[in-house]
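Survey of secondary and tertiary structure
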Amino acid sequence: MTSSRFLFFSGKGGVGKTSMAASTAVQEAEGGRKTLIVTTDPASNLADVFETEIGHRIALIPGVPNLWAMEIDPDQATTEYKEKILGPMRAVFPADVISVVEEQFNSPCTTEIAAFDRFVKFMDDPEYDLVIFDTAPTGHTIRLLELPVNWSEFIDLSAKGSGQTCLGPVQAIQESKAMYDKAIAELRNPRATTFIFVVQPEAVAIGETERSVAEIRQLGVKSIELIINAILPEEVCQDAFFRARWEMQQRHLQEIERRLVMPARRMFLLEEEIKGVEKLRRTGQMLLEGETSTPRGDHEHVSA
Amino acid sequence: MNMFQPEKILLPSNGYSRVLFFAGKGGVGKTTVSSVVALRLAECGYRTLLVTTDPAAHIGEVFEQPVTDEIQPVIGVKNLFAVRIDPKAATEEYKKSILEDARPRYSAEMLAALAEELESPCTEEIAAFDKFSQFLTDETFQVTVFDTAPTGHTLRLLQLPFDYSKQVSLMVATGQESVGLKDKTKARFEAMISKLRDPARTTFGFVVYPESTPIVEAHRAKLDLEKAGIPTQFVVANQVLPVERCSHPFFKKRSEMQKRYLAQIVEKFDVPMLEMPLFEQEVIGLPRLRQAARTVLSDCGCRGVN
């Protein structure tokens, strides 16, 4: 389906990012690629979709060889992040200096940076053939992605100024800068990274996706694809109520073709929720076939 | 069975204003639900402000008119006002106010260091929260409806006041303490916390659609809120399929699945539930918003007093 090493699933909340990301993960892992699926969403649904405990550690998904998952816990990531910076300093600096640095970490955004730091680390890890990021909803995702750009500038600026940042002394984060710069280069390399926007044929989701795609393009990301999810199969829309909704969707599908010009796959609304490996496997298969966009008899519901 | 009593949940009481929060997973319809409720209360005669804290604000699309970071009347609806918390604009405003506050007391060198500190991306989060707290404590509206950001983010925003002293010391970056600023901030946050915890003044509602993941997520968030001393007062079950339309086996199966989840919501949340049906068309524009408002809140509880 893709040769990229990093797949980022994006799109408005509730459009089915987690289902699509998890189905893709199962498909790729079973195709033989060693795959990791990671979420930075503090309210992650990965465990619910895979029907297994995951949490803040790399966990093997039962029943799928080659597939691992992790839900980054913002609080634990923060503790790890602080220790990463403070650890080496403890050996060199007196206690009062350490406590000043600790004080600087007590900012509400340290959590954000720490989760981001964890996520960037996966982009630097040769362990997996494919890393899938089931990202947080759009606005938040974009802010996260803007961070490396901002941070690089911010670190440069602070190095010239007082030598202090709210991350701690400049020296301690020079290493992070190198890692962030590398992550940005990977994000912009179409052979390494693909963004997959999930959208539903409805007005608000189209508008938001259009804006997000523009912002992602502005950040220099070149490989962008689309999954159009939850399309009503025509043959089940016999009642006037659903026929009206089907017609509305058809108008929005044309709108998507006009406004979101990029490689697109279509996914139909299914009879049931996508939960558990078996349904993920079948959905992954349908997604592959979605490139020809033919509805199939075997319907299940696709949701977040 | 918990009865949904709008007069207890949605309306201002005892001379207090009422703050309503709609939380829930992305995509469940928080914007639609908060717009519908705000519109209904405004039409009942309450002076109502609709605030969006969602970085990708949809309110403008729902009302089909621009919603900016200045409070503006919604054209076509008496008593209804809307505003958007724009993180970028809030950040600029916040930086300016901090620097102006510091100017008379700080040396040029210290001001330069403070200005540098304020260039941190951390400032944006704090500034957005500062703005949010302004609307929360604004008493010029009888009802303020927050179309909140997705769950995790909302909780982080709400947890901030509990850490207020840390934030203030972060902002006073040169190590100089501004006692006045600290006390002022402390008093404002304390007022906010007690308002958030008072069910006569503040209502927390969760929006879900009747499926597993939104329920799991909302329930987790409900428990988190309880830890912060904030009770949840009701749940809105959105996108409920009209049973009489579900004759095809495909939709019949989906409708039955929904029915199981609706029962689960009632049992799990143990608060009143309000059902909002799936409509034939998307709820966009005033005529459809009005129609949805009358369907869902035929009785808004105001008894025509306003």
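Definitions and cut-offs
- Residue indices follow the written sequence of each chain, beginning from 1 at its first position.
- Whichever chain is written first becomes A and whichever ligand is written first becomes 1, with later ones labelled in order.
- With pLDDT at 70 or above as the cut-off, local features in this predicted model cover only qualifying residues; side-chain atom pairs require 80 or more to be listed or tallied, and sums for whole chains, interfaces and linings still use all residues.
- Helix and strand definitions follow DSSP, with helices as H or I runs of at least four residues and strands as E runs of at least two, each counted in order from the N terminus.
- Buried residues are those with 20 or more other C-beta atoms within 10 Å of their own C-beta, exposed residues have 12 or fewer, and partly exposed residues lie in between; C-beta atoms are placed from the backbone.
- Expected span, for any helix, means 1.5 Å times one less than how many residues it has.
- We call a set of buried Ala, Val, Leu, Ile, Met, Phe, Trp, Tyr and Cys residues a nonpolar core when their C-beta atoms link them within 7 Å.
- Every axis in this analysis is a line fitted to C-alpha atoms, fitted for helices over the stretch in contact. Angles between the N-to-C directions lie between 0 and 180 degrees.
- An angle counts as roughly parallel when it lies under 35 degrees, as roughly antiparallel when it exceeds 145, as roughly perpendicular when it falls between 65 and 115, and as oblique in every other case.
- Any pair of residues counts as being in contact when their C-beta atoms, constructed from backbone geometry, are within 7 Å of one another.
- Whether two strands pair comes down to DSSP finding at least two bridges between them.
- Residue-level confidence of the predictor, termed pLDDT, takes values from 0 up to 100.

Regarding the overall build of chain A
Secondary structure assignment for chain A yields ten helices and ten strands. Put simply, chain A has 304 residues, and 47% of those count as buried.

Description of helix α2 (residues 30-43) of chain B
All names here are of chain B. For α2, built from 14 residues, the straight-helix expectation of 20 Å at 1.5 Å per residue is met to within 8% by its first-to-last C-alpha distance of 20 Å. With respect to burial, α2 is a largely interior element, 14 of its 14 residues being buried. A positive backbone phi angle near 110° is found at G45, which sits one or two residues after α2.

A closer look at the nonpolar core
A22(A), I37(A) and V199(A) are the most contacted members of the largest nonpolar core, which has 70 residues in total. One finds F22(B), L50(B), L80(B) and I85(B) within the second-largest nonpolar core, a separate group that totals 68 residues.

Topic: the packing of helix α8 (residues 203-218) of chain A against helix α9 (residues 240-259) of chain A
Residue and element names in this part refer to chain A. Viewed as axis vectors pointing N to C, α8 and α9 meet at an angle of 10°, and their least axial separation amounts to 10 Å. One way to sum up the angle between α8 and α9 is to call them roughly parallel. Touching A203, I206 and E210 of α8 are H252, E255, I256 and R259, all from α9.

Notes on the sheet that holds strand β1 (residues 6-10) of chain A
All names here are of chain A. The mixed open sheet is built from eight strands, whose spatial order is β3-β4-β2-β5-β1-β8-β9-β10. Unpaired on one side and paired on the other, β3 (59-60) and β10 (264-268) mark the two borders of the sheet. Looking at chain direction, strand β2 (residues 35-39) and strand β4 (residues 67-71) are connected through five bridges and run parallel. Residue pairing for β4: V38 is matched across the bridge by M70.

Focus on unusual backbone geometry
For N66(A), which is not glycine, the phi torsion reads 80° and is therefore positive. Looking at the secondary structure, you find N66(A) in the loop between β3 and β4. Of note in the backbone geometry, D270(B) takes a positive phi value of approximately 55° without being a glycine. Looking at the element boundaries, D270(B) is found in the loop between α11 (249-269) and β8 (273-277).

Some details on the confidence of the model for chain B
Residues and elements named next belong to chain B. For chain B, the average pLDDT comes to 82, and 83% of its residues sit at 70 or higher. Across residues 161-170, where pLDDT falls below 50, the model places 18 contacts with residues more than four positions away in sequence or in other chains. A low-confidence stretch, residues 172-177 stays under pLDDT 50, and its non-local contacts, those more than four residues away or across chains, total eleven contacts. Overall fold confidence for the complex sits at a pTM of 0.82, while the interface term, ipTM, reaches 0.79.

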